[in-house]
Amino acid sequence: MRLKQVSLAAAISVVAGLTTATVGLTGTAAWADSAAALPLSHYAHMLVDTAHQHLFFSQGAGSTGIVVTDLAGNPVTTLTGEQGATGLALSPDGGTLYAALADGDAVAAIDTATLTESARYATGTGSGPVSVAVAGGKLWYGYTADGRGGIGSVDPAAAVPVATPQPGMASWSAAPLLATGGGVLAAEEPQQSLSHVATFDVSSGTATVKANSDVYGGTATGFQVTGDGTEVLLAAPQQPALRAFRTSDLLSAKPAGYNTGGSNSAPGALALDTDGTIAVGGSLGADGQSYLYAGSTATEHHYVFPSRTLAPDGLEWAGDGTTLYAVAQDPSGAYLLHVLSDAKLTDIRVWLTAPQRAYPTHEFTITGSLTTDGFLPTGARLHVTRDGTELPDATVGADGTFSVSDTRPDAGAYTYAVSYAGDATHRPATLSLTVHVALLATGITGPDLSSARPSSVVFKGSLITESNLGSLPQGTTVQVSRTDEDTQQTVQLPSASVDPATTEFTVIDAPHSAGRFTYHLFYAGDATHNLTAADASVQVTPYTPALTLKPPATATRAAALTFGGTLGDAPYPTGETVTVSRKDAAHTTTPVTWKVPVGTDGRITVKDTPTTGGADSYTVSYPGDAAHQAATASATVQVSRAATAVSVTSNASTYTYGATATVTAHLGTTYNGRTVSVYATPVGGKKTLVRTAAVDSRGNLKATYKLTRNTTFTASFAGDYRYAPATATRTVHDQVNIAERLGGYYTSTKYGTVTYRVYHHTVKPQVSGTVSPARSGQCMRFQAQEYSHKDWHTLTTSGCFSMTADSAGVTHLSLTNAVGQKFRVRTEYVASAKDTTNVTTWGGWLYLTVRT
């Protein structure tokens, strides 16, 4: 029996509440209302003078002025005559701005109140100072001396302040970049992928070397010393992160680095506030971006400057504890000032997760969390509303989590909003989430088919509920109907009861016929559960019985033959029959057929008297009934036949190469078949039909065949209704073809009808032979005879010559006392034991005579 089923359709009803969604929102960094355009042709350094509400911008070598703006970036003035102003530094009292004049070979002192130059300290012709720093009561500058980098100093408090250059540092090839902090002066010289850094104790006003080493760096454009003088920070575009080193020995500090965006981020801007907050940004590659760090390697904030590139050394703190200034370039190359007024406020990220399920009258819970790169606002109150209606506040736990619980009497979509108002260190954030409250989803699974016969279709199914929630009440049923897919008639069946404990139900039916049926299953739902429906497709098929036959292997022609058979999957209706057909040599296209009854137990008995011998094929076919499919089986019985004689002869046993053999096949007594086939099988070749025809009145059939090698001829009689097939063979031999030639003669003559080649007595006649088919390496020999006393007498027969690659052999005759004598020679191919293709063959005689 074969059962076929199709899985249920629409197994689970779609319910919006059966989902888990997580959403998140990050508080965004506050920006100035707009980015202020800066009137700069180039940018080198920025300095913030909060006391006088000014920003100073140097433009580097090739420029002549320092641009001054207010703290919003609005232009105030330009300090002209400051040739190549590059590095900037502010005096401890904020009253003087120092500027390294790379094109002026000097350091300028500018009054920050009047914005006028108050002094200028010459640093020497060609010195080109690029950096200035104030520490230990002195002004320090980095310059170039005799093609080497050096550090000089000025004592602004001296009666006559004078720039005092130090001797050029022997291993430095360029003016260094300077930074100070905590009584420590640090100097950096770029060296491609490394930086040469030296640190000095300048607390006494005199520079004493602390450390001098190469470190991971490059062309640093961000260079700072921490306020306590213990660490030097280096931002170089060649590095993937900001590097930190101890000023005492220039080994890596802890932490050793700060992320700036990974590979190709090109950190080149660095600002260090008085409270230790680090601002570092990427100056090349992708859009400019900056990161803030406060005491650890955990990123406090991350700012991106859309469609703008953060300028090298383009970050500076205001000194007010909150504001960060950033210089960026847009795609056209113009410079812009960004004022980040709340840079140190920490972003808050709110995450909300909808309940896995929410259905009427049952409490559900929304879970959430606050995350931040700073400190969590543990214990903070979160404002919660549902569709604008206020709900009790939620409290942030120590791990940042919180929850909101609610109950809804009706299905529907409800929007919950959770807000954090922010505080002194965190930005505000708000997030909304929609919760779908719906009836519990239900579904029908199965069917688990246990029977699919015309008299019995039985299958089980299950009425499942969403997440197995909400037990089904006693008395729950599934409505059932059946549609016959052939007639499209639908019949309502009794409802199936659902077991509340197992949620299973059983459908029992008897369609009383085979075919394809669709069972429609429907659950109407209740106050808690949604309705659902499903279809189960069941193929009810009749039995596929096995038909077995047990005939004998052989039988006697014209004698009674009986054998039995069995149809499986009994019982069978009374009066059923099978059709028996017999094919034999006399009935190949129109078999002999008759009916045989089938017993109720499926047994059948076949009786016959075969009149034709050979392989008789019996086929038994059952047409099928309402409960059984059709079945067919076949069997072959070898019916006896008499024997007849077949022989084959040839007109010779050995043939010359290329000769035509005549073969005669003879057939003895037969019944209704007189056709014989003659085949030729050359050694090493394929068996080929030479002729097929009826024998003549004497029982003979002649055929001809051209020979090139030893060949076996086969005469075959296929048999007829009463006589069995028969064959006979005859093997004949074939010689090779030998092409012979005499060489070295000077004329020819005839004796009678025979042509003789004539040789001088001094010449040794050459005899050559070539054998076909090819026999390279096989044996060839030569025989010579002399004519005397009216007869030919053998003079010599040579030994074997191994034939050449082209199947040839050559010899020379040595004749003594031969003048006036007659001779003849011939070539012999000697077949080896391994040569089954052709036999040993003598070539024809070649005649010669000798004259003086």
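These figures come from a predicted structure and were not determined experimentally. (Residues numbered from 1 in each chain as written. Predicted model: local features only at pLDDT ≥ 70, side-chain atom pairs only at ≥ 80, totals over all residues. Heavy atoms only, no water.)

(A) Representation of the sheet that holds strand E53 (residues 646-650). Ordered by their spatial adjacency, 3 strands build an open sheet running E53-E55-E58, and the pairing between neighbours is antiparallel. Of all strands in the sheet, those bounded by a partner on one side alone are E53 and strand E58 (700-706). Each adjacent strand pair in this sheet contributes to an overall mean axis angle of 20°, direction not counted. Where strand E55 (residues 660-667) lies against E58, 7 bridges are found, and the strand directions are antiparallel. Its bridge partner being in E58, His-666 is matched across the sheet by Asn-700. (Pairing = 2+ DSSP bridges. Helix = DSSP H or I, 4+ residues; strand = E, 2+ residues; numbered from the N terminus. Axes fitted to C-alpha atoms, helices over the stretch in contact; angles between N-to-C directions.)

(B) Looking closely at the side chain of His-196. Tracing the sequence through the fold places His-196 in strand E18 (residues 194-201). Overall, His-196 belongs to the buried group, its relative accessible area being 8%. A distance of 3.0 Å separates the side chain of His-196 from the side chain of Trp-172, its partner in a polar contact. Engagement of the side chain of His-196 in a polar contact is seen with the side chain of Asn-212, the distance being 2.5 Å. Leave out the neighbours within four places in its chain, and His-196 touches Ser-171, Trp-172, Ala-187, Glu-188, Glu-189, Gln-191, Asn-212, Ser-213 and Asp-214. (Buried < 20%, exposed > 50% of the residue type's maximum accessible area, 1.4 Å probe, protein only. Polar contact = N/O pair within 3.5 Å; in protein donor to acceptor, adjacent residues only side chain to side chain. Contact = heavy atoms within 4.5 Å.)

(C) Spotlight on the pairing of strand E6 (residues 65-70). The buried fraction of E6 is high, at 5 of 6 residues. Pairing analysis gives 4 bridges linking strand E5 (residues 54-58) to E6, with the strands arranged antiparallel. Its bridge partner lying in E6, Phe-56 is registered against Val-68. Following E5, the chain reverses through 6 residues before pairing antiparallel with E6; Gly-60 in that reversal takes a positive phi of roughly 85°. Sheet analysis places E6 next to strand E7 (residues 75-80), joined by 5 bridges and oriented antiparallel. Among the inter-strand pairings, Ile-66 is bridged to a residue of E7, identified as Leu-79. Two successive antiparallel strands, E6 and E7, enclose a turn made up of 4 residues, where Gly-73 displays a positive phi of approximately 95°.

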